[in-house]
Each structure stands twice: as C-alpha cells, then as structure tokens.
Amino acid sequence: MPQLDPHSFISQIFWLIVTFGALYWVLAKAALPRIAQVLEDRRRAIEQDLEKAEKFKTAATATLAGYTDALAGARRKAQDGLRATAEKASARAAEAQAKLAAKLADEVRAAETRIAAAHKRAEGELDGIAAELAASVTERLTGARADQARLARAVKEAAGER
Amino acid sequence: MAGPLEQFEIQSLIPIVVGGVDISFTNSAAMMVLASAVAGGLMLLGIGRGAMVPGRMQLVPEMLYQFVADLIRDIVGAEGRRYFPLVLTIFLFILAGNLLGMIPFAFTFTSHIIVTFALAITIFIGVTVLGFVRHGAHYLTLFAPGGVSKYMLIFLIPIELMSYLVRPISLSVRLFANMVAGHTLLKVLAGFIPALYVGLGYAGAAVGVLPLALITALTGLELLIAVLQAFVFAVLTCIYINDAVHLH
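Note that the structure is a prediction, hence the values are computed from the model and not measured.

S.K.: Lay out the interface of chain A and chain B in plain terms, naming residues and giving numbers.
M.R.: If you look at the interface, chain A gives 30 residues, while chain B gives 48 residues. Both sides together, the interface formed by chain A and chain B hides about 3400 Å², and carbon and sulfur atoms give 79% of it. In this structure, the connection of chain A to chain B is made through one salt bridge. The tally of links from chain A across to chain B stands at 11 residue pairs in polar contact (both at pLDDT 80 or more). Residue composition of the side of chain A that touches chain B, grouped by class: 22 nonpolar, five polar and three charged.

If you want it as structure tokens, here you go:
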C-alpha cells in the first residue's frame with residue numbers, strides 16, 4: 001500500500017502546510033471579508049428598503065384618508081347645493097302657482113259678479129216684459145187697453161208668488 | 001494492467017531536496033496546489049466586486065460561506081466566529097481534494113493517511129491547547145460527565161479519555177478509509193472489464209456492460225461520499241471546538 005511508505009511523508013506534510021496555509025491566508029485575508037461585506041450590505045439594503053416601503057405605505061394610507069375625506073366633503077357639499085336649489089325651485093314654483101291661483105280666483109269672482117249683475121238685470125227686465133206681454137195679450141183678447149199700473153202690480157204679485 | 005492500489009502511488013514531479021530532506025513536488029503536491037487554487041479562486045473570483053443581486057458565479061461563494069457559517073453558529077454558537085476561517089478552509093480544502101480526485105487519472109491526496117492525519121492531529125492539538133487556555137486544569141472535567149455516581153466514574157473516565165485521545169485517529173482514518181475504499185472499488189470493478197474480454201472474448205466484452213453500469217452508479221455514490229466526508233470532517237472539527245469552548 002503506497003500510503004504506508006514513509007518516504008513521501010515529509011514532502012506531503014510540507015506541501016500540505018504550504019497549500020493549506022495559502023488557502024487559509026487567501027480566504028481569511030481576502031475572500032471572507034469581502035463576502036461578509038457583500039452579505040452585510042445586502043442585509044442592510046433589504047432592511048432599508050423594507051423601512052422605506054413601510055414609510056411609503058403609511059404616507060399612502062394618510063393620502064387615501066385625505067382623499068376619502070375630500071370626497072365625502074365634496075359629496076356633502078354637492079348634496080347641500082342640490083337640496084338648496086331644489087328648495088328654491090319648489091318655493092318659486094309654489095309662489096307662481098299661488099299667484100296664478102289668486103289671479104284665477106279674482107277672475108272667477110269678477111265673472112260671478114258680472115253674471116249676478118246680468119242675472120239681476122235680466123230679472124228686472126222680466127217684469128217689464130211680462131207686463132208688456134200681458135198688455136199685449138189683453139189688448140188682443142179684449143181689444144181694450146189694460147191699465148198699465150194695475151198690470152205692473154199684478155205681475156209683481158205673481159212674481160212674488162213664485 | 002495497473003493494480004487497484006497503483007493509483008495511490010506518489011510520483012515525484014520536481015525533485016527538491018533541502019538540507020538532506022526530500023520535499024519533492026509530487027503528484028500529491030500538485031493536486032493540493034490545484035485544490036487550493038480552485039477553492040480559493042472560486043471564493044475570490046466568485047464574489048468578484050460583490051454585486052447587490054448575485055449572479056450564478058457569485059452565489060457559489062455566498063452559499064458556501066452561509067453554509068459553513070450556519071454550521072459553526074449551530075454547533076459552537078457566537079464564540080465560533082473566530083474559528084470560521086479555519087473551518088471553512090478545512091471544508092473547502094478537503095471538498096476540493098475529494099472532488100478533484102474523482103476526475104479520471106487525477107490523484108486524490110485525501111486518500112493518504114499522512115495528509116488526513118496531519119490535519120486531524122493539528123486540529124486535535126489546537127483544540128486541546130484551546131481547551132486548557134480557556135479553562136485551565138478545569139478542562140480535565142471533560143472526561144468526567146456530571147450527574148454520574150463516583151463508582152461509575154472509575155469506568156467512565158478511562159473511556160472518555162480513550163475516546164478523546166482516539167479522536168485524531170478516528171477523524172483521519174474515517175476520511176482516508178472512505179477515499180481509499182471508494183477509489184479501490186472503482187478500480188477493481190473497472191479491472192473486470194478487460195479481464196472479461198481477455199477471458200471470454202467478445203461475449204465477455206458484452207458482459208462487461210454490467211461492471212461498467214455498476215461503476216457509473218458507484219461514481220455517483222463516490223461524489224456523494226466526497227462531499228459528505230468533507231462535511232463530516234468540518235462538523236467534527238466544529239464539535240471538538242465546541243467541547244473546548246463550552247466545557248459541559
């Protein structure tokens with residue numbers, strides 16, 4: 001078995017020390033500090049990014065709350081304006097209606113007065129027409145002229161009986 | 001036909017003798033240099049300028065770093081940070097040596113007991129010194145677990161002492177034996193194929209598909225073992241460091 005031949009032992013140990021030592025030196029002095037630095041930088045960058053994201057999220061939440069408030073305010077204002085306009089419009093409409101109604105009522109009243117006057121006049125003329133008619137009938141039947149005054153009295157009595 | 005153990009032969013590439021001591025640059029030394037270069041280059045070039053969002057190449061050193069860092073933190077805790085470069089170097093050095101040794105015709109330096117033993121005995125001595133420096137003579141209570149009756153200690157202390165002293169052997173033989181066994185088995189199975197052809201002609205060559213299939217499957221297993229043994233070595237190093245740092 002070549003492994004048990006001690007001739008090469010010193011040489012192998014020597015080169016083991018040289019190569020292992022060189023590798024240790026390269027790793028400890030150059031590679032590992034750099035790797036550690038890279039890993040640490042990355043860890044810190046990720047941490048900072050997370051922190052920043054958290055901050056942005058808070059800001060976004062605040063902005064959203066502001067937006068919601070503004071939206072609610074605008075909606076309330078719009079509703080108020082709408083209601084006020086509607087009230088004004090309905091008030092104006094009611095006023096116009098009232099005015100129209102009053103005007104119509106006046107006209108109705110005037111018309112009724114006119115009708116009543118016409119009625120009364122017509123009624124007043126009726127007695128005259130009746131008397132005239134009676135005189136005319138009497139004259140036709142009797143050939144004598146009736147007494148105007150008596151006729152008027154008789155018509156009045158008849159009208160009063162009615 | 002090369003024998004199954006010939007792959008473990010040390011060949012001198014550049015003979016160097018200093019003061020009568022042979023420190024020739026061998027195939028083993030060449031693979032150690034290659035393993036260190038690959039491991040160090042992967043970590044150093046992979047991290048590059050260190051982009052905030054890592055690419056594929058940058059993920060390799062980052063994941064290896066995190067993997068071993070987590071391992072030490074889980075086993076040793078916060079005090080383990082000081083030993084992190086050492087454990088990572090051990091892990092990467094053995095991992096690179098094991099995996100590069102899987103390349104056909106490459107030499108596997110972790111299949112030499114002297115290499116694994118040198119690593120293990122260094123860790124053993126270092127951990128023992130660390131234990132005594134941190135706890136003084138109190139470190140000896142490592143061999144006397146608490147909550148055990150005095151009569152039991154008569155048996156337990158020798159057992160604990162033995163298990164402690166045997167650590168460098170178990171640690172080095174585990175890695176060495178795994179590598180030797182795997183590579184030898186592959187070589188033996190590979191030897192069946194020409195043997196079948198020589199013995200049975202074309203029929204034998206056709207039957208040779210069976211050991212070939214087995215070699216293919218075992219190569220996958222060996223890759224797993226190569227990674228696993230590097231991991232086990234690193235984990236045991238962490239456990240030994242933990243024993244020295246936190247006396248139970």
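S.K.: Just give me the short version of the side chain of S24(B), but keep the residues and values in it.
M.R.: By secondary structure assignment, the location of S24(B) is in the loop between strand 3 (21-22) and strand 4 (25-26). In contact with S24(B), other than residues within four places in its own chain, are S11(A), W15(A), S12(B), I14(B), P15(B) and I16(B).

S.K.: Please set out helix 3 (residues 84-100) of chain B residue by residue, giving values where relevant.
M.R.: For helix 3 of chain B, built from 17 residues, the straight-helix expectation of 24 Å at 1.5 Å per residue is met to within 8% by its first-to-last C-alpha distance of 24 Å. Of all 17 residues in helix 3 of chain B, 15 are buried, a share of seventy percent or more.

S.K.: Provide a residue-level description of the pattern of salt bridges, including the pertinent values.
M.R.: Residues and elements named next belong to chain A. One pass over the full model with this rule turns up eight salt bridges over all chains. Here E40 ties to R43 by a salt bridge, and the two come within 2.9 Å at their closest N and O atoms. Of this pair, E40 and R43 are both found in helix 1 (residues 9-142), three residues apart, which corresponds to roughly one turn of the helix. By relative accessible area, which is 28% here, E40 ends up partly exposed. For the salt bridge of R83 with D80, the shortest nitrogen-to-oxygen distance reads 3.6 Å. Here the residue R83 and the residue D80 both occupy positions in helix 1, the gap between them amounting to three residues, near one helical turn.

About the criteria used
Residues numbered from 1 in each chain as written. Chains lettered and ligands numbered in written order. Predicted model: local features only at pLDDT ≥ 70, side-chain atom pairs only at ≥ 80, totals over all residues. Heavy atoms only, no water. Contact = heavy atoms within 4.5 Å. Buried area = accessible area lost by both parts, 1.4 Å probe. Salt bridge = Lys/Arg side-chain N within 4 Å of Asp/Glu carboxyl O. Polar contact = N/O pair within 3.5 Å; in protein donor to acceptor, adjacent residues only side chain to side chain. Nonpolar A, V, L, I, M, F, W, Y, C, P; charged D, E, K, R; others polar. Helix = DSSP H or I, 4+ residues; strand = E, 2+ residues; numbered from the N terminus. Expected span 1.5 Å × (residues − 1). Buried < 20%, exposed > 50% of the residue type's maximum accessible area, 1.4 Å probe, protein only.

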